[in-house]
Amino acid sequence: MATFLYKLGRLAFRRRHFVALIWVALLTLAGVGAASAPTAGSSSFSIPGTEAQKAFDLLEQRFPGMSADGATARVVFKAPSGEKMADKDNKAAVEKTVKALGDGSEVTSVTDPFKAKAVSKDGSVAYASVKYKVSGMELQDSSKDALKEAAQDARASGLSVEVGGDALTATPETGSSEVIGIAIAAVVLVITFGSLIAAGLPLLTALIGVGIGVSTITALANALDLGTTTSTLAMMIGLAVGIDYALFIVSRYRAELAEGREREEAAGRAVGTAGSAVVFAGLTVVIALVGLSVVNIPMLTKMGVAAAGTVAIAVLIALTMIPALLGYAGRKVQPAGQKSKLLGGGRAAKKAGKPNMGTRWASFVVRRPLAVLLLGVVGLGAAALPASSLELGLPDDGSQPVSTTQRRAYDLLSDGFGPGFNGPLMVVVDAKASDDPKGAATEVSDKIKDLKGVVTVTPAAFNKAGDTATITVIPDSKPSSAKTEDLVHGIRDAGGDIKTDTDATVLVTGTTAMNIDFSQKLNDALVPYLALVVGLAFLLLIVVFRSILVPLKAALGFLLSVMAALGAVVAVFQWGWLSSLFGVEETGPIMSMMPIFMVGVVFGLAMDYEVFLVTRMREAYVHGEKPSQAIVTGFKHGARVVTAAAVIMIAVFSGFIGSSESMIKMIGFGLAIAVFFDAFLVRMAIVPAVLALLGKKAWWLPKWLDRALPNVDVEGEGLRALDARRKDEDDRELARV
């Protein structure tokens, strides 16, 4: 592989105009496609194979005019202190608001609180339900404005009015912190390279790669049903790995220049050596992201595949556009150790001096491996402790900031009607095979009323055919509580007896039941997913490092990183530690997809640093150095660059903590803290300590396996052979002369 990539790097350097033209054309094509593509609506949320999804599909089939996926809004009214909603003036104001709400072209129905008995027992709170033809993301701005204006007009009458539901769904904003993250990355690159031109190359190529990836996602969003979160995730990961991959190749290019090579030759060797590490690092990330498809949740699969595509683009750009841009930059990119005239007066590299920080740190770890290992493991173990209290769920209006009208509406409904009112359960009775559909529905209602934790059970509402009924159940606990989950399972257990007696099938759905099934499916898929991703990457790393213990150590170190990161997420987002510092206004359960998502993404990113750092050690060991000296050599050449790459990735991920979307905020924080733990504690401390303790055993591989594995030549042995052939040819030429 090293030889092939070497030739590719030299070709891109020579044919720089052609390479640049191709990437600019692709960026333009993707941009035009994104600009001309129809606006995408909200991505459909489905969980194949779950009871909640089966019930939802049955409703779509048996209640065709129900618009089950249409947006909903609850306009909640609260009377002034000492008054009732039924008072003449208050009632008139509500009726006027209901009439105004029904005038919208996208509105299918509006319920009058007084006719629908949607008034609290104490008479102080009432609500009107508004149903729309389209989803919240597809709802026109005029409909949202009309909803807000109706609520504002009602407030003018003296009532407290708030609006809940998904009708006011807004596109998440990342805020200025994302820009700050990129700015920090730029500063780190300038410090690392000592040159504005060299620092600008990784940023430029990363932005081009992300531009192509995100524009392609936007262009295909409507056709492939991709949500806004998909492009945000692709941008987050694409920026981070795009900068890092380019950073490693530019850094190796400068090191080759420092050894006296010509610029084209240096570009070829940089791509042949560092580029090999980039390819395998990128492959581990792609495996981890595409592997999310085993969970069999379409939304998660699309997010993973789209992000993996952006990573693949980042790899291709690093291998081709970076050497092309190095050709354009010429002498403006200085050899390693030299500063540009702007930043350092063009100082030459120091020929001799004290060892760099990486060398000193590695030497210390090699002398004290056991102490460093124990300290690192204990520290990460302590950080992981909060993960033992992990509570999973999906965010609802109750997790919104208290400043939002959705959260205030949620609290008003909870105070007026009980905490379970915000998470009603919809029980679907499929009585098509029953001789007495109405009798079956009545039996279902009676059984549910006898269950613990039920406040209200509405009468069964049948479809036109009279073979399917819906029953709404109000729990006495909030949607995300364990009691509500127990009630859902209780209804489903009772449904088994009912089917035996009446041949009617009982299914539980609704947002709360969907969330419960979603969390359960993710939990069930975690172990198979972990086995698949870690197993495939383990095999890949055996090929790269020609070792059994090094990949095993990499996988165990990753588990430490991800558990510590999950512990930090629980501490901040569930317990509330330092929550104000990260803009977390409301604590609550951790998103159900967070553990499996972090396992996938963090594993891929963790292997990046493993590959970049340990391949340098492997290269030194293969070329004759002792195991302990190879560790020091690897840190001498790789520690500064890996540190810069980690800081850049942390800065990019941290930029998304400023998002208004709680899911993006949590993912940004989780990935940033995971990279910190993995890069600085696992890869920089635990990895060299373990390698120092193992010695030569670290690079042991059974001879039969060594013969069976393909030789991918990450260390660049093929390039050394190429040098030897060139030298022989030169010697023969001189002999002829």
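**Some points on the overall build of the protein**
- Tallying secondary structure elements over the protein gives 23 helices and eleven strands in all.
- Here the analysis covers contacts within the protein between residues at least 6 apart in sequence; of these, 79% occur between residues at least 24 apart.
- Of the roughly 32,000 Å² of accessible surface on the protein, a fraction of 59% belongs to carbon and sulfur atoms.

**Considering empty space enclosed by the protein**
- Tallied over the full model, the rule gives one cavity of 30 Å³ or more.
- Space inside the largest cavity adds up to approximately 30 Å³.
- Residue lining of the largest cavity: V602, L605, A606, Y609, A674, V675 and D678, and that is the complete set.
- Elements with a contribution of two residues or more to the lining of the largest cavity: α19 (594-622) and α21 (662-694).
- Tallying contributions element by element places α19 first for the lining of the largest cavity, with four residues.
- Of the residues in the lining of the largest cavity, the class split is six nonpolar, no polar and one charged.

**Digging into the packing of aromatic side chains**
- Taken as a whole and judged by the stated rule, the model has ten aromatic pairs.
- Seen in terms of ring centroids, Y127 and F421 are 5.1 Å apart; in terms of plane orientation they differ by 65°. Their pairing is edge-to-face. With Y127 in strand β3 (residues 125-132) and F421 in the loop between α14 (405-417) and β6 (425-430), the pair connects residues that are 294 residues apart, well separated along the chain. Across the pair, F421 and Y127 agree in class, each one buried.
- A ring pair is formed by F582 and F669, whose centres lie 4.8 Å apart and whose planes are at 65°; its orientation type is edge-to-face. Of this pair, F582 sits in the loop between α18 (549-574) and β11 (590-591) while F669 sits in helix α21, and the two are 87 residues apart along the sequence.
- F669 gets classed as buried once you look at its relative accessible area, which sits at 6%.
- Three or more aromatic residues joined by ring pairs make a cluster, and in this case those are Y127, F417 and F421.
- The ring of Y328 has R16 lying over it, and the distance from NZ or CZ to the ring centre is 6.0 Å.
- Between the NZ or CZ atom of R74 and the centre of the ring of Y127, over which it lies, the distance is 5.3 Å.

**Concerning the pattern of salt bridges**
- Under the defined criterion, the tally for this structure stands at 18 salt bridges.
- The residue R408 makes a salt bridge to E162 at a minimum N-O spacing of 3.0 Å. Residue R408 is located in helix α14, and its partner E162 is located in strand β4 (residues 160-165); the two are separated by 246 residues in the primary sequence.
- Residue classification places E162 among the buried residues on the basis of a relative accessible area of 11%.
- R261 serves as the salt-bridge partner of E259, at 3.6 Å between the closest nitrogen and oxygen.
- Exposure remark for R261: the relative accessible area of 28% places this residue in the partly exposed category.
- Several salt bridges share partner residues, and in doing so they unite R10, R14, E264, E265 and R269 into one network.

**A short note on the packing of helix α17 (residues 511-545) against α18**
- Where α17 meets α18, the axes come as close as 8 Å, and the angle between the chain directions of the two elements is 140°. On the basis of their axis angle, the class for α17 and α18 is oblique. In terms of crossing hand, the pair formed by α17 and α18 is right-handed. Listed contacts from α18 to L530, V534, F538, L541, I542 and F545 of α17 are V550, P551, L552, A554, A555, F558 and L559.

**Side note on α18**
- With 26 residues, α18 should reach 38 Å at 1.5 Å per residue; the first-to-last C-alpha distance of 37 Å fits that figure.
- G576 sits one or two residues past α18 and shows a positive phi near 90°.

**Observations concerning a nonpolar patch on the surface**
- On the surface, F18, I22, L26 and L29 cluster together to form a nonpolar patch covering roughly 400 Å² of accessible area.
- Overall, I22 belongs to the partly exposed group, its relative accessible area being 36%.

**Focus: the nonpolar core**
- Within the largest apolar cluster, 188 residues are counted, with the highest numbers of intra-cluster contacts made by Y245, I249, Y253, M598 and F653.
- Looking at which element gives the most residues to this core, the answer is α21, with 19 residues.
- For M598, the residues in contact, after removing those within four places along its chain, are V562, A565, L566, V569, F603, G670 and A674.
- Grouped together as the second largest cluster of nonpolar side chains are 25 residues, V94, V98, A128 and A151 included.

**What to know about the sheet that holds β4**
- Strand order in this open sheet of four strands is β2-β3-β1-β4, and the pairing throughout is antiparallel. The open sheet terminates on both sides in strands that have one partner only, identified here as β2 (107-110) and β4. Mean inter-strand twist for the sheet, computed between neighbouring axes without regard to direction, equals 20°.
- Inspection of the sheet shows β2 paired to β3 by three bridges, in the antiparallel sense. Counted as the bridge partner of V110 is V130 from β3.
- Sheet strands in contact with helix α5 (residues 141-155) are β1 (72-78), β3 and β4, and its direction is about 155° off that of β4.

**Regarding the environment of S36**
- Mapped onto the elements of the fold, S36 is located in helix α2 (residues 16-36).
- For S36, a relative accessible area of 56% puts it in the exposed group.
- Measuring from C-alpha to C-alpha, the distance between S36 and T218 comes to 9.8 Å, with 182 residues separating the pair along the chain.
- Separated by 3.4 Å, the side chain of S36 and the backbone oxygen of G33 make a polar contact.

**Remarks on unusual backbone geometry**
- Even without being glycine, K117 reaches a positive phi, approximately 55°.
- On the secondary structure map, K117 appears in the loop between β2 and β3.
- K117 sits in the exposed class, given a relative accessible area of 74%.
- Here R546, not a glycine, exhibits a phi torsion of approximately 50°, which is positive.
- One can find R546 in the loop between α17 and α18.

**Side note on the environment of L292**
- Tracing the chain through its elements places L292 in the loop between α9 (263-290) and α10 (298-329).
- Each C-alpha atom, one on L292 and one on V305, is 8.2 Å from the other, the two residues being 13 residues apart in sequence.
- If near-sequence neighbours (up to four positions away) are discounted, L292 is found in contact with L300, T301, G304, Y529, I596 and F597.

Conventions adopted
- Residues numbered from 1 in each chain as written.
- Predicted model: local features only at pLDDT ≥ 70, side-chain atom pairs only at ≥ 80, totals over all residues.
- Heavy atoms only, no water.
- Helix = DSSP H or I, 4+ residues; strand = E, 2+ residues; numbered from the N terminus.
- Contact = heavy atoms within 4.5 Å.
- Areas by Shrake-Rupley, 256 points an atom, 1.4 Å probe, with all protein chains shown as cover.
- 1 Å grid on protein atoms, 1.4 Å probe; cavity = no way out; pocket = protein on both sides within 12 Å on 5 of 7 lines; lining within 4 Å.
- Points joined across faces, edges and corners; volume = space filled by probe spheres on them.
- Nonpolar A, V, L, I, M, F, W, Y, C, P; charged D, E, K, R; others polar.
- Phe/Tyr/Trp six-rings, centres within 6.5 Å; stacked < 30°, edge-to-face > 60°.
- Buried < 20%, exposed > 50% of the residue type's maximum accessible area, 1.4 Å probe, protein only.
- Lys NZ or Arg CZ within 6 Å of the ring centre and 35° of its normal.
- Salt bridge = Lys/Arg side-chain N within 4 Å of Asp/Glu carboxyl O.
- Axes fitted to C-alpha atoms, helices over the stretch in contact; angles between N-to-C directions.
- Parallel < 35°, antiparallel > 145°, perpendicular 65-115°, else oblique.
- Left-handed = near helix turned anticlockwise from the far one by under 90°.
- Expected span 1.5 Å × (residues − 1).
- Patch = residues over 30% accessible without salt bridge, like charges linked within 9 Å, V, L, I, M, F, W, Y side chains within 5 Å.
- Core = buried A, V, L, I, M, F, W, Y, C linked by side-chain atoms within 4.5 Å.
- Pairing = 2+ DSSP bridges.
- Polar contact = N/O pair within 3.5 Å; in protein donor to acceptor, adjacent residues only side chain to side chain.

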